[in-house]
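These are the residues of each chain, in order.
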Amino acid sequence: MEKLLYSLWREPRADADSFREVLVEQLCRELAQLADIHGVRVSVVDSEVLSADARRMVSQAPAPDALLSLWVDSTCASAAWESMIDQCVARRASYLVAEAEPLPSQKQHPAAPGDRVYGMCQVVFFRKPAELDRTSWLALWQDSHTGVALATQSTFGYRHNVVVRALGEDTPGWDAIVEENFPPQAMTCDHAFFASGGDDALLEQHMNSLMASCAHFIDFEHIDVLPMSEYLIKPLSRH
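Residues numbered from 1 in each chain as written. Predicted model: local features only at pLDDT ≥ 70, side-chain atom pairs only at ≥ 80, totals over all residues. Heavy atoms only, no water.

Would you take a moment to explain helix α4 (residues 134-152) for this structure?
Residues spaced three or four apart along an α-helix face the same direction, because each turn holds 3.6 residues. With 19 residues, α4 extends 25 Å between its outermost C-alpha atoms, agreeing within 8% with the 27 Å of an ideal straight helix rising 1.5 Å per residue. Maximum bend of α4: about 50°, positioned at H145. Along α4, the residues that are buried comprise W137, W141, H145, T146, A149 and T152. As for α4, its buried residues are in contact with β4 (91-103), β5 (120-126), β6 (157-167), β7 (176-182), α5 (190-193) and α6 (200-214). (Helix = DSSP H or I, 4+ residues; strand = E, 2+ residues; numbered from the N terminus. Expected span 1.5 Å × (residues − 1). Bend = angle between axes of the 7 residues up to and from the residue. Buried < 20%, exposed > 50% of the residue type's maximum accessible area, 1.4 Å probe, protein only. Contact = heavy atoms within 4.5 Å.)

Rendered as structure tokens:
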């Protein structure tokens, strides 16, 4: 099985919430009916996460308005569903990724299929520093940083997506895409985001530890951080 991630852009005339409804109520439900698609998740920038706008960072404008996750038998069959996607978006970019899920969001805050997942999903696109080879980069990120991230933030869901291959010509060159689930209070409160419990000294410690760790494996000149609302439309069977 393969995982595909699609960055999606809405038509300029469409507002954020209307785009969300098209994706959640129309496109994703239709995709979930296809036999070749075994899992569907979508995260989208909408009015529910407007208060988190201060956490937004964009290095490659315009940033995407949504991230669609599909688990499929093979990318070779993508023409069947990409024609459906193209009818609902102004633009798309696609990536074949290798996913790891150190912290499954459904364990702490389960959501019924089609419902909005609790809190916000912070979607992060980034590149590795040019001086790092891929093996060293993955070790710094996945083996070393993961524990720091989980210890210094209030995440209840954490997914790594290593880009195996960018698909198509109009595809921004990212090395990784991360999906992090945070409680709603983390949209506006640093103490809630960094799990410091209102302790200013602990907040500073957590922020400094996280940023120092991130600096080892992220090229900060090429990073997009996008707060989104997440919807798990068709959970992937783990059996």
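Is there a simple way to explain the pattern of salt bridges in this structure?
Where charged atoms of side chains with opposite charge meet at close range, the side chains can pair. Scanning the entire structure with this criterion turns up 15 salt bridges. The residue E99 makes a salt bridge to K3 at a minimum N-O spacing of 2.9 Å. In this pair, E99 is assigned in strand β4 and K3 in strand β1 (residues 2-9), connecting sequence segments 96 residues apart. Of the residues examined, K3 reaches a relative accessible area of 3% and is grouped as buried. Its salt-bridge partner being R10, residue D65 comes within 3.8 Å of it at the nearest N-O pair. With D65 in the loop between β2 (37-44) and β3 (66-72) and R10 in the loop between β1 and α1 (16-31), this residue pair connects regions lying 55 residues apart in the sequence. Residue class for R10 comes out partly exposed when judged on its relative accessible area of 26%. Here the residues in one salt-bridge network are K3, R41, E99, E101, R159, E179 and E230, joined through shared partners. (Salt bridge = Lys/Arg side-chain N within 4 Å of Asp/Glu carboxyl O.)

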